[in-house]
Structure formats: C-alpha cells, structure tokens
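Fold and contact review
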Amino acid sequence: MSQKTILRALAGETQAIPPVWMMRQAGRYLPEYRATRAEAGDFLSLCYNPDLAAEVTLQPIRRYGFDAAILFADILLIPQALGLDLWFATGEGPRLSTITRAHEVARLKPVEAIHETLSPIYETVRILSRELPRETTLIGFAGAPWTVATYMIAGRGTPDQGPAHAFKAADRAAFTQLIERVTEATIAYLSAQIEAGAEVVKLFDSWAGSLQGADFHDFALQPAQRIIAALKTRYPHIPVIAFPREAGPRYAGFARATGADCVALDNSVSADWAAAEVQKDGCVQGNLDPKLLVSGGAALETETRRVVQAFSKGPHIFNLGHGITPDADPENVARMIAAIRG
Ligand code: CP3
C-alpha cells in the first residue's frame, strides 16, 4: 500500500483525516501566482512554460502542504493542439475559433499531431515528478469531450451550452465525430501525462449537467467510459477521477458505469445523499461551496467539518465543489485545512 494519502483514498481506504487538495489551487487568489503569471506575460505563455508552470503548481504545495498537486495547464489546450486558435481576452475568459459545420470537424488535425503542441506540458509533468515532496500525489487532467466540445463549437464559455446543443440537434453525426476526435485526443494526451509521471488523472466535465436523457449517456457517460477503459488497458494502476459536474441524481452509478475510481461532487448535491448513493461505490471528492473561502467566518469551519463528517465512513478526498475563485482569501484556505486536520 502506498504511503501517499491520496492514492490510499483512491484505492478505497477510509482514513481518519481525509487528504485534501483544491480545484484551481494554483490561481489568482495567490499573490505569488499573480507574480509568476506576470513574469510569463499571460496565461497561455504560463501554461506552455514548463519551469514557470511547475513553479505555480508547487506554490500552493509550499504554502499549504496539500496532499496533491494538479498539473498547471488548461482543458482548452486540446482544441488548440487539434488546430483551433485559442486566446484569453483579459477579464473575459477564453476565446477560440469555432466549429459549426461537419467539414470543419474533418479539418481538425489528426490525433498524433497533438504532441507537437502539448510537449511542453509533458515537460512540466516531468519537472513536477522530480520536485514534488515524496508524500504529494501528482494529478494530471483533461477536459471531458462534451465540455471541451462546447467551447470548440461556441468559441467561448456559454451559460447554457446553447450552440453545442444546437449543433448536436442539427447534425448528430458530425457532432458525434467531434466527440470521438476529442475522445481519442484525450486518451493520447492523458497517456502522455502518465508516461511523464502523472500518478492520477482527472476528467473535468464541467457542463455534464446540461446533457439530458440519452444525451447524458451518449456524450458524458460513454466518452468517460471509453477514455477510462483505454487508460486502464495501458495503465491499470493509475486511478481516474471523474467530475460530471451538476449530474445531480446521475452521480449515482457514474463510477460503476465508467470505471472511474473516484467521483468528484459539485456543491449542489447533498453530502448525506452522496455518502449513501455515490460513496457506496468508492471514493468521493469535493462538495464544499467555494464561496465559503470568500466569506470565511464560522460558516467555513462548520461546513468544512460537516463535509468531513458526512463522508467519514468511506474513502474520501476533501475538495471544493468547483474551483476556488480569485476573490478568495488565502487565510481562509489555511482555516479550512486546519478544520480538516483538526
Ligand atoms: O485546478 C488547477 O489548479 C489546475 C489548472 C486548471 C486550470 N483550468 C487553470 C486555469 C484546470 C484543471 C482548469 C480546468 C478548466 N479550464 C475547466 C474545467 C474546470 C472548471 O472550472 O469548470 C474549464 C471549464 C476551463 C476553461 C477555462 N480556463 C475558463 C472558462 C477560464 C476562464 C475563467 C477564469 O477562471 O479565469 C480559464 C482560465 C484559467 N484556467 C485560469 C486558471 C488558473 C485563470 C487564468 C488567469 O490566470 O487569468
């Protein structure tokens, strides 16, 4: 059995004190992150600079001693590696050239070509696997195909993923081809991260909740299942965390259906419900409302303890229900960790 607390939780062990990390733990709420991003020039230059990307990955580990480090990169690097233009408009979030017709799906670069763009990311992973403390687990990641496709189709974040739903309704065959291309690219990308030293991988399906009925099965569950099956064939010992955000009742059974070792929960589901219906199949992660790290106070400690308590009877990794926001107070993160570790 590994000494690493995160790997123990992912292997199904119940621990008296759950290991902890945070989504977006390397981010704008930290002054040292903002300084390194300024040194890099902008967000994408930071992602593609292995020394600086490794540095920002390590910053929250040094400051807080989290049990896991998550590779610093972004889910939108895959669309860029497949040939779309990508840029970040300051204060506005990501922008991409769009895919709206079948022939544009056919024009994407072949999967083998992605490594040309993504090789600096693998170098970041190699640096981290040398430099992380021995007790810290290194998590690699990718966006899940549906979430990545929503950005490829709309060219930006959208409140209801309308353009992606419209494309799916207008040309389901072309839409399915896009999902398949992203699925294959994701398998290649995560495999390369594992080869470089990632010990766990996580699939972010931030917009899974907007898929209804059979679409949830076809475009959230099935691609995750395919990716996990391919990874498990090559790397049977590498645990996978799936995050079908806002899946609601469909969180139940998601791990069994996809082969994921852990399901990450957003903060819209009840912890007691998830302990009964999701944790029965294995490790769970998440659920604390990230807003509490902005507001702090007694509620932060009460809610942190409530999440720890709710999941205390099974394998659990403490985390937030979504990424920490730039307006969070770094002191509140220390208070949250103190409440977990007692
Ligand atoms: O969690 C981590 O610390 C690892 C790094 C990471 C980032 N993005 C860095 C980032 C991870 C795992 C992601 C995932 C990601 N990126 C998701 C899925 C998770 C989620 O939040 O739902 C999505 C949808 C994206 C796409 C993306 N990247 C958006 C919509 C934005 C703009 C919103 C924002 O917070 O600014 C980004 C930018 C981004 N990705 C930042 C960071 C640290 C902020 C960029 C900056 O420094 O200005």
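Definitions and cut-offs
Residues numbered from 1 in each chain as written. Predicted model: local features only at pLDDT ≥ 70, side-chain atom pairs only at ≥ 80, totals over all residues. Heavy atoms only, no water. Near = heavy atom within 4 Å. Polar contact = N/O pair within 3.5 Å; in protein donor to acceptor, adjacent residues only side chain to side chain. Nonpolar A, V, L, I, M, F, W, Y, C, P; charged D, E, K, R; others polar. Helix = DSSP H or I, 4+ residues; strand = E, 2+ residues; numbered from the N terminus. Buried < 20%, exposed > 50% of the residue type's maximum accessible area, 1.4 Å probe, protein only. Contact = heavy atoms within 4.5 Å. Pairing = 2+ DSSP bridges. Axes fitted to C-alpha atoms, helices over the stretch in contact; angles between N-to-C directions. Salt bridge = Lys/Arg side-chain N within 4 Å of Asp/Glu carboxyl O. Arc of directions from axis to C-beta.

Details of the site of the ligand
- Around the ligand, the structure places 22 residues, and the nearest of them are Arg-28, Tyr-33, Arg-37, Ser-206 and His-322.
- Contact between the ligand and Arg-28: an oxygen atom at 2.6 Å from a side-chain N or O atom of the residue.
- The contact in question runs from an oxygen atom of the ligand to an N or O atom on the side chain of His-322, over 2.7 Å.
- Across the shell around the ligand, the residue classes tally to 15 nonpolar, three polar and four charged.

With respect to the environment of Leu-58
- Counting through the fold element by element, Leu-58 comes out in helix H4 (residues 50-64).
- Classification of Leu-58 by relative accessible area gives buried; the value is 7%.
- When sequence neighbours within four positions are dropped, the list of residues in contact with Leu-58 reads Leu-128, Glu-131 and Leu-132.

Observations concerning the sheet that holds strand E5 (residues 200-205)
- Judged by pairing direction, the sheet is parallel, and its seven strands sit side by side in the order E1-E4-E5-E6-E7-E8-E9 without closing on themselves. Single-partner strands in this sheet number two, and they are strand E1 (68-70) and strand E9 (316-317).
- Pairing of E5 with strand E6 (residues 240-244) involves five bridges; the strand directions are parallel. Pairing of Leu-203 across the sheet is with Ala-242, part of E6.
- Here helix H10 (residues 172-196) sits on the sheet in contact with strand E4 (137-143) and E5, set at roughly 165° to E4.

Considerations on the pattern of salt bridges
- Per the stated rule, a full pass over the model turns up 16 salt bridges.
- Note that Asp-261 is salt-bridged to Lys-232, the shortest N-O span being 2.7 Å. Of this pair, Asp-261 sits in the loop between helix H12 (254-258) and strand E7 (262-265) while Lys-232 sits in helix H11 (residues 214-234); the two residues are 29 residues apart in sequence, bridging distant segments of the chain.
- Asp-261 sits in the partly exposed class, given a relative accessible area of 24%.

Here we look at the pairing of E6
- Burial of E6 is extensive: five of the five residues sit out of reach of the surface.
- Neither face of E6 is left uncovered, since the one carrying Val-240, Ala-242 and Pro-244 and the one carrying Ile-241 and Phe-243 both have all their residues buried.
- Alignment of E6 against E7, held across two bridges, turns out to be parallel. Counted as the bridge partner of Ala-242 is Val-263 from E7.

Some words on unusual backbone geometry
- The backbone of Arg-24 sits at a positive phi, close to 60°, despite the residue not being glycine.
- Mapped onto the elements of the fold, Arg-24 is located in the loop between helix H1 (5-10) and helix H2 (31-40).
- Even without glycine at this site, Gln-161 takes up a positive phi of about 55°.
- Tracing the sequence through the fold places Gln-161 in the loop between helix H8 (145-154) and helix H9 (162-170).
- A relative accessible area of 2% means that Gln-161 is categorised as buried.

Focus: H2
- Burial in H2 covers these residues: Tyr-33, Thr-36 and Ala-40. On an axial view of H2, the arc spanned by its buried residues comes to 70°, and they lie on one face. Every exposed residue of H2 that faces more than 90 degrees away from the buried side is listed here: Ala-38 and Glu-39.
- At the exit of H2 stands Gly-41, carrying a positive phi of roughly 110°.

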